[in-house]
Protein chains: 2
Amino acid sequence: MNGFDLSADTARGALASLHGDESAEAARERYAIAVWCQLIEPGDSVAGRVIAARGPVAALEAVLAGGPVPEVTARELAEGRKRWLPRLSARAVDASLATAAARGVALVTRSDPSWPSQLDDLGPHAPLCLWVRGDVAALRRFEASVAIVGARAASRYGDHVAMELAAELAAGGIAVVSGGAYGIDGAAHRATLATGGLTAALLAGGADRSYPAGHTQLIDDIAQSGVVASEVPCGSAPTKWRFLQRNRLIAALATATVVVEAGWRSGSLNTAGHAAALSRPLGAVPGPITSATSAGTHRLIREYGAQCITSADDVRELLGLAPRTDAVTGVDAGRTGEATRVRDAMSTRSWRQSTDIARRAGMAADAVEAILGLLRLEGSVETGAEGWRLRTAAG
Amino acid sequence: MNGFDLSADTARGALASLHGDESAEAARERYAIAVWCQLIEPGDSVAGRVIAARGPVAALEAVLAGGPVPEVTARELAEGRKRWLPRLSARAVDASLATAAARGVALVTRSDPSWPSQLDDLGPHAPLCLWVRGDVAALRRFEASVAIVGARAASRYGDHVAMELAAELAAGGIAVVSGGAYGIDGAAHRATLATGGLTAALLAGGADRSYPAGHTQLIDDIAQSGVVASEVPCGSAPTKWRFLQRNRLIAALATATVVVEAGWRSGSLNTAGHAAALSRPLGAVPGPITSATSAGTHRLIREYGAQCITSADDVRELLGLAPRTDAVTGVDAGRTGEATRVRDAMSTRSWRQSTDIARRAGMAADAVEAILGLLRLEGSVETGAEGWRLRTAAG
């Protein structure tokens, strides 16, 4: 057993100030997860498979015992042990748990009722747990949520759009997920808080650390009403690898991901990639083609099938929700009414000249022609030698 | 015959200063087309079908004679006569031909070698002829061309983008089609001329009239090296109907149409509709979602499948041409190289961990992971429980 103590007493002692009221078995399991967190880097699928097959305690015992583990190949296990065992330290685990307790960071595992089950869509790459500051129960309220992410070096345009989208969506009851970074992330979090909405910041380092330092106050504010979470234990530094892996958590927690601004090689494209890999809807906000901070979003639209997002209602559509706009006013209403009048003046059987349609609709011929052009684009009418007619559903 | 004289002598007399050296038959045909131009509004498909079936002379004789015309229904013919005959005036035809001769406007018909045959894709809505100021032979050089169109009330961003796109495309030998209007159209024409490229302005009124008046100099400049054309005879006013019909000529003459800026209900959407109806490639330039002048282009991208255009190379791709960028430099080159290294380090048969791929590629693991994310988005690699592998063409 490599001398490592996985007894219920040890587990209960280490978890005393964090989760003091658990059964012996539950305490051992939670403690083993805390140990695993110390051993692995995020997204370690070998560890993920062993733990999924055996549970965290038996998986840890098997790895420590050194014998074969049928769920993975001998080579995977050997390489895994090389990665994991040098990090084995009861003291480090105790320290991370003590920090968690001191900083009000809860350890939420898959067995806990507040576990956001959409994270399990990551399969063997799913996180073992989340270290959570804030309202643990709110984790379940991200089932209708949107990730609003983008460049740290955002333009004023990007900041503005991120704030507008987040505020409008949050006001409509949609939770906003982001990464707590400068730029787009910060703008999305701030606007959500300002609207009284629910927001989660998923961090690359420990949930006890505010990163970036300049966002200490913002991250504290998020923890006040929402959730600050990480899969790495307290005290962990936000390495580049952990940033990339954190991006998969953002994509997995949210129902859909929207990239507001991104450079050609922005890390947000990595988040977008995770969303696409998870078959989550993906949106991107266009911007001036002269702006480097929109090059990545245009790339997502052009090359990766991201939806072009121009409003909060477009995001709601991405989420499969109805538009929130209560009253259709102005230009839209006018256009809808006119299009209806034109359709009413048409037939699925008879071809009609646009002048005839104009007469029947009581509209100017050129207005009718313009609307016919749009309806043709939509595919709801067709034109032929003898004029125009409505297309049938089959046609 | 309604007293109207369609004899060769009359035709030759009327055409003397315009096309003086034609055979009797050719002169009668050209004259009959000039008469038809006086009788019909653009896009009159009843006239189009009668003329397509019988030729312009016999079609005109049949209509004037008053008997049945088998190619159209009795009702269509009766309504057509009601539209056409009140406009019958040899004096008006002579006046338009005299103006054409005086202003250097040629009458180009389908029988002429310079006729741009792509206009015939409009079928019964194809124009009977073009009245052309400028280099008539250049009409054939629009076989690889792009229509750059958009809002009259363009923003500085729109003007800038229209100029950049037109200049870069024109420098690459692609002709630029537009409508001679203020805003996007004017910017596209000007930049093309400045680059020494070929441009055509298709006008809604007569080719002898410069519309808008503020573009008199620009339209003269276009006629100097390129083409100013219209399907309506000299002296015709640019009515709203003719603007909408002119849009179909822009879409039909050009290989592809790109809308640079457009409001939600812009007339450019009508041009886009014609391009789509003709199955011509359609592109739209994104812009700030906060800009009303980009609402129409975003609509084309979101709802009508327009390609998102961010550069002249994107337009070339729309036209089915190779990118013109000679040397791939900077970020792109770096990325391509890295992606190649990552692919080289992968296998279609064996799954490999990203760390293994990083080692084989001699690259940092997090850089590899970021590239794997992008390659996954592209669909060229896949990830599973045991890591990553290249997808085969079949898979």
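Residues numbered from 1 in each chain as written. Chains lettered and ligands numbered in written order. Predicted model: local features only at pLDDT ≥ 70, side-chain atom pairs only at ≥ 80, totals over all residues.

### Some details on the overall build of chain A
- Counting its secondary structure elements, chain A contains 16 helices and 11 strands.
- A globule of 395 residues ought to have a C-alpha radius of gyration of about 21 Å, yet chain A, at 27 Å, is considerably larger.
- Expressed along its principal axes, the backbone C-alpha trace of chain A runs to roughly 90 × 45 × 40 Å.
- Of all 395 residues assigned to chain A, the portion counted as buried reaches 53%.
- Here the analysis covers contacts within chain A between residues at least 6 apart in sequence; of these, 69% occur between residues at least 24 apart. (Helix = DSSP H or I, 4+ residues; strand = E, 2+ residues; numbered from the N terminus. Rg over C-alpha atoms; globule rule 2.2 N^0.38 Å. Buried ≥ 20, exposed ≤ 12 C-beta atoms within 10 Å, placed from the backbone. Contact = placed C-beta atoms within 7 Å.)

### Overview of the sheet that holds strand 8 (residues 282-284) of chain A
All names here are of chain A.
- Strand order in this open sheet of 9 strands is 1-2-6-5-4-3-7-8-9, and the pairing throughout is mixed. On the outer flanks of this sheet lie strand 1 (105-109) and strand 9 (307-308), each paired with one strand and no other.
- Summarising the sheet, strand 8 and strand 9 pair through 2 bridges and their orientation is parallel. Within the sheet, the bridge partner assigned to Ala-284 lies in strand 9 and is Cys-308. (Pairing = 2+ DSSP bridges.)

### Focus: the domain arrangement of chain A
Residues and elements named next belong to chain A.
- Examined at the domain level, chain A breaks down into domain 1 (8-103), domain 2 (132-318) and domain 3 (330-390).
- On a C-alpha basis, the centroid separation for the pair domain 1 and domain 2 is 30 Å.
- Of the residues lining the interface, 11 residues belong to domain 1; the matching set on domain 2 comes to 11 residues.
- Looking at the side of domain 1 that touches domain 2, the elements that each hand over two or more residues are helix 2 (24-39) and helix 6 (90-103).
- When its residues are assigned to classes, the side of domain 1 that touches domain 2 shows 5 nonpolar, 4 polar and 2 charged. (Domains from an automatic or database assignment. Nonpolar A, V, L, I, M, F, W, Y, C, P; charged D, E, K, R; others polar.)

### Focus on the environment of Gly-80 of chain A
Residue and element names in this part refer to chain A.
- Relative to the elements of secondary structure, Gly-80 occurs in helix 5 (residues 74-84).
- On the basis of neighbour count, Gly-80 is assigned to the buried category, with 21 C-beta atoms found within 10 Å.
- Excluding anything up to four places from it in sequence, Gly-80 contacts Val-46 and Ala-47.

### Thoughts on the confidence of the model for chain A
- Within chain A, residue pLDDT values average 91, and 95% of them lie at 70 or more.
- Interface confidence for the predicted complex, expressed as ipTM, amounts to 0.78; the pTM equals 0.81. (pLDDT = per-residue confidence, 0-100.)

### Quick notes on the sheet that holds strand 6 (residues 227-230) of chain B
Residue and element names in this part refer to chain B.
- Ordered by their spatial adjacency, 9 strands build an open sheet running 1-2-6-5-4-3-7-8-9, and the pairing between neighbours is mixed. Two strands close off the open sheet at either side, each with one partner strand: strand 1 (105-109) and strand 9 (307-308).
- For strand 1 and strand 2 (residues 129-134), the ladder comprises 5 bridges, and the chain directions are antiparallel. Looking across to strand 2, one finds that Leu-107 is bridged to Trp-131.
- Most of the contacts of helix 2 (residues 24-39) go to strand 1, to which it runs at about 100 degrees, and overall it touches strand 1 and strand 2.
- Contacts from helix 10 (residues 240-253) reach strand 3 (145-149), strand 4 (175-178), strand 5 (199-202) and strand 7 (256-259) within the one sheet, and its direction differs from that of strand 5 by about 155 degrees. (Axes fitted to C-alpha atoms, helices over the stretch in contact; angles between N-to-C directions.)

### Concerning unusual backbone geometry
Residues and elements named next belong to chain A.
- Tyr-211 connects to Pro-212 through a cis peptide bond whose omega is 0 degrees.
- By the secondary structure assignment, Pro-212 is in the loop between strand 5 (199-202) and helix 9 (216-225).
- Of note in this structure, Ser-279 is not a glycine but carries a positive phi near 60 degrees.
- Along the chain, the position of Ser-279 falls in the loop between helix 11 (268-277) and strand 8.

### Here's the deal with the pairing of strand 10 (residues 381-384) of chain B
All names here are of chain B.
- Taken together, the 4 bridges between strand 10 and strand 11 (residues 387-390) define a ladder with antiparallel strand orientation. Bridge pairing links Glu-382 to Arg-389 in strand 11.
- Here strand 10 folds back onto strand 11, and the loop between the two strands holds 2 residues.

### Details of the relation of the copies chain B and chain A
- When chain B is fitted to chain A, the best match, at an RMSD of 0.1 Å, comes from turning it 180 degrees and sliding it 0.0 Å along the axis. Overall, the copies show the geometry of a two-fold rotation axis. Ranked by how close their C-alpha atoms come to the rotation axis, the residues of chain B are headed by Gly-287 of chain B, at 2.2 Å.
- Comparing contact sets, 98% of the residues at the interface of chain B also lie at the interface in chain A, consistent with an isologous, same-surface contact. (Least-squares fit on C-alpha atoms with pLDDT ≥ 70 in both.)

### Notes on the interface of chain B and chain A
- Of the residues lining the interface, 40 residues belong to chain B; the matching set on chain A comes to 40 residues.
- Looking at the side of chain B that touches chain A, the elements with two or more residues in it are helix 3 (45-54), helix 7 (156-171), helix 10, helix 11 (268-277), helix 12 (295-303), helix 14 (330-344) and helix 16 (365-378) of chain B.
- At 8 residues, helix 16 of chain B tops the list of elements feeding residues into the side of chain B that touches chain A.
- Counted by class, the side of chain B that touches chain A contains 22 nonpolar, 10 polar and 8 charged residues.

### Concerning the packing of helix 2 of chain B against helix 6 (residues 90-103) of chain B
Residue and element names in this part refer to chain B.
- Contact geometry of helix 2 with helix 6 gives a least axis separation of 9 Å together with a crossing angle of 110 degrees. Classified by the interaxial angle, the pair formed by helix 2 and helix 6 is roughly perpendicular. When helix 2 is examined against helix 6, the residues Ala-34, Val-35 and Gln-38 are found in contact with a partner set consisting of Ala-92, Val-93, Ser-96 and Leu-97.
- Its residues assigned to classes, the contact of helix 2 with helix 6 shows 5 nonpolar, 2 polar and no charged. (Parallel < 35°, antiparallel > 145°, perpendicular 65-115°, else oblique.)

### Overview of helix 3 (residues 45-54) of chain A
All names here are of chain A.
- Of all 10 residues in helix 3, 7 are buried, a share of seventy percent or more.
- For helix 3, the complete set of buried residues consists of Ser-45, Val-46, Ala-47, Gly-48, Arg-49, Val-50 and Ile-51.
- Within two residues after helix 3, Gly-55 carries a phi angle of roughly 85 degrees, on the positive side.

### Describing the environment of Asp-366 of chain B
- Looking at where Asp-366 of chain B falls in the secondary structure, it is placed in helix 16.
- On the neighbour-count criterion, Asp-366 of chain B (18 C-beta atoms within 10 Å) is partly exposed.
- Along the chain, Asp-366 of chain B and Thr-355 of chain B lie 11 residues apart, while their C-alpha atoms are 8.7 Å from each other.
- Ignoring sequence-local partners within four residues, the contact set of Asp-366 of chain B consists of Lys-240, Trp-241 and Leu-244 of chain A.

### Quick word on the nonpolar core
- Core analysis: the biggest nonpolar cluster contains 250 residues, and Ile-148 of chain A together with Ile-148 of chain B have the highest contact counts within it.
- Discounting residues that sit within four places of it in the chain, Ile-148 of chain A has contacts with Ala-162, Leu-165, Ala-166, Val-176, Ser-178, Ile-184, Ala-188, Val-258 and Val-260 of chain A. (Core = buried A, V, L, I, M, F, W, Y, C linked by C-beta atoms within 7 Å.)

### A few points about the pairing of strand 6 of chain B
Residue and element names in this part refer to chain B.
- Residues Val-227 and Ala-229 point to one face of strand 6 and Val-228 and Ser-230 to the other, with burial holding for every one of them.
- Relative to strand 6, strand 2 runs antiparallel, the two sharing 4 bridges. Of the residues in strand 6, the one forming a bridge with Gly-134 is Val-227.
- Pairing of strand 5 with strand 6, which is carried by 3 bridges, proceeds in the parallel orientation. By the bridge assignment, Ala-201 is partnered in strand 6 with Val-228.
- Read from strand 5 through helix 9 (residues 216-225) to strand 6, the crossover connection turns out right-handed. (Right-handed = clockwise from strand over helix to strand, strands pointing away.)

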